[in-house]
Amino acid sequence: GNSVTQMEGPVTLSEEAFLTINCTYTATGYPSLFWYVQYPGEGLQLLLKATKADDKGSNKGFEATYRKETTSFHLEKGSVQVSDSAVYFCALEYGNKLVFGAGTILRVKS
Amino acid sequence: DVKVTQSSRYLVKRTGEKVFLECVQDMDHENMFWYRQDPGLGLRLIYFSYDVKMKEKGDIPEGYSVSREKKERFSLILESASTNQTSMYLCASSLTGLREKLFFGSGTQLSVL
């Protein structure tokens, strides 16, 4: 079936460190891929997306590249801030629905 | 900005009670969704609706039903609450043609005792 696997957290980093959150997927065909972010006490919001192989989604300094050969969509940021502390969800679209991963908690210390 | 409002932030109910979770969106979105969020499991789709009076089962509909009498309102109903329905419930909406861009409410943390 269609599924998303994310690295387990929590991930704890110091401010200005490099961030990678791994995401791999299993799907029939070539789904669109997404990263959503959930800040404390809030609902999820779309961070970035990629709709086909080799596409790079980017927003707020975050980037992710759709890698068909490795079925991956890893989230990266060059220099994290305390305000990036949140839960990050990888997701794919199939049948007009979104399938979410388990989420990865990111904690950034000053 | 789109606003998706869930009626309660925290709710405590007893086993066997009928529970209503309400969700209202203010941007005339056609699509509305109910998810539950559990640690280690992420978000799982319970039910969704593409139009008024239309509903479709998601991945885990057992023990739930929904109602969409008006476009802006989508209700999740637990007919007889059980302890394994203790969870965070998230409502979301989207425009047709942009189904992947979901706007979420802040969630309702339901505890069933």
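Engineer: What am I meant to see in unusual backbone geometry here?
Structural biologist: Across the chain, the bulk of peptide bonds are trans and the bulk of non-glycine residues have phi less than zero. Residues and elements named next belong to chain A. With an omega dihedral of 0 degrees, the bond running from glycine 9 to proline 10 counts as a cis peptide bond. Relative to the elements of secondary structure, proline 10 occurs in the loop between strand S1 (3–6) and strand S2 (11–14). The phi dihedral of threonine 71 is positive, around 40 degrees, even though this residue is not glycine. Within the secondary structure, threonine 71 sits in the loop between strand S8 (62–65) and strand S9 (75–77).

Engineer: Mind showing me how you'd approach the side chain of asparagine 2 of chain A here?
Structural biologist: All names here are of chain A. Within the fold, asparagine 2 resides in the segment before S1. Within polar-contact distance, the side chain of asparagine 2 engages the backbone nitrogen of threonine 28 at 3.3 Å. Aside from chain neighbours lying at most four places away, what touches asparagine 2 is Thr26, Ala27, Thr28, Leu92, Tyr94 and Val99.

Engineer: Would you mind going over the state of the cysteines with me for this structure?
Structural biologist: Structurally, a disulfide amounts to a covalent bond that connects the sulfur atoms of two cysteines. According to the stated counting rule, one finds two disulfides over all chains in the structure shown. A disulfide bridge connects cysteine 23 of chain A with cysteine 90 of chain A, and the sulfur atoms are separated by 2.0 Å. Residues cysteine 23 of chain A and cysteine 90 of chain A share a disulfide whose torsion about the S-S bond is about -70 degrees; that sign makes it left-handed. Within this pair, whereas cysteine 23 of chain A is found in strand S4 (residues 23–26), its partner cysteine 90 of chain A is found in strand S10 (residues 86–94), the two being separated by 67 residues in sequence. Each member of the pair, cysteine 23 of chain A together with cysteine 90 of chain A, is buried. Here cysteine 23 of chain B is linked by a disulfide to cysteine 91 of chain B, with a sulfur-sulfur distance of 1.9 Å. Between cysteine 23 of chain B and cysteine 91 of chain B the sulfur-sulfur dihedral comes to about -75 degrees; the bridge is accordingly left-handed. Residue cysteine 23 of chain B is found in strand S4 (residues 23–25), and its partner cysteine 91 of chain B is found in strand S10 (residues 87–94); the two are separated by 68 residues along the sequence.

Calculation criteria
Residue numbers restart at each chain and count upward from 1, following the sequence in its written direction. Chains and ligands are labelled sequentially in the order written, the chains with letters from A and the ligands with numbers from 1. Only residues with pLDDT of at least 70 get local features here, since the model is predicted, and only at 80 or more are side-chain atom pairs given and counted; chain-wide, interface and lining totals rely on the full set of residues. Hydrogen atoms and water are omitted, and side-chain values are computed over all heavy atoms in the structure. A helix here means a DSSP run of H or I that spans at least four residues, while a strand means a run of E at least two residues long, and both kinds are numbered starting from the N terminus. Definition of a polar contact: a pair of N or O atoms within 3.5 Å, with one able to donate and the other able to accept a hydrogen when the atoms are protein atoms, and with sequence-neighbouring residues admitted only if both atoms are side-chain atoms. Note on definitions: a residue-residue contact is assigned when non-hydrogen atoms from the two residues lie within 4.5 Å. Criterion for a disulfide: a pair of cysteine sulfur atoms at a distance within 2.5 Å. Buried means the residue's accessible area, taken with a 1.4 Å probe over protein chains only, is under 20% of the maximum for its type, while exposed means over 50%, and partly exposed covers the values in between.

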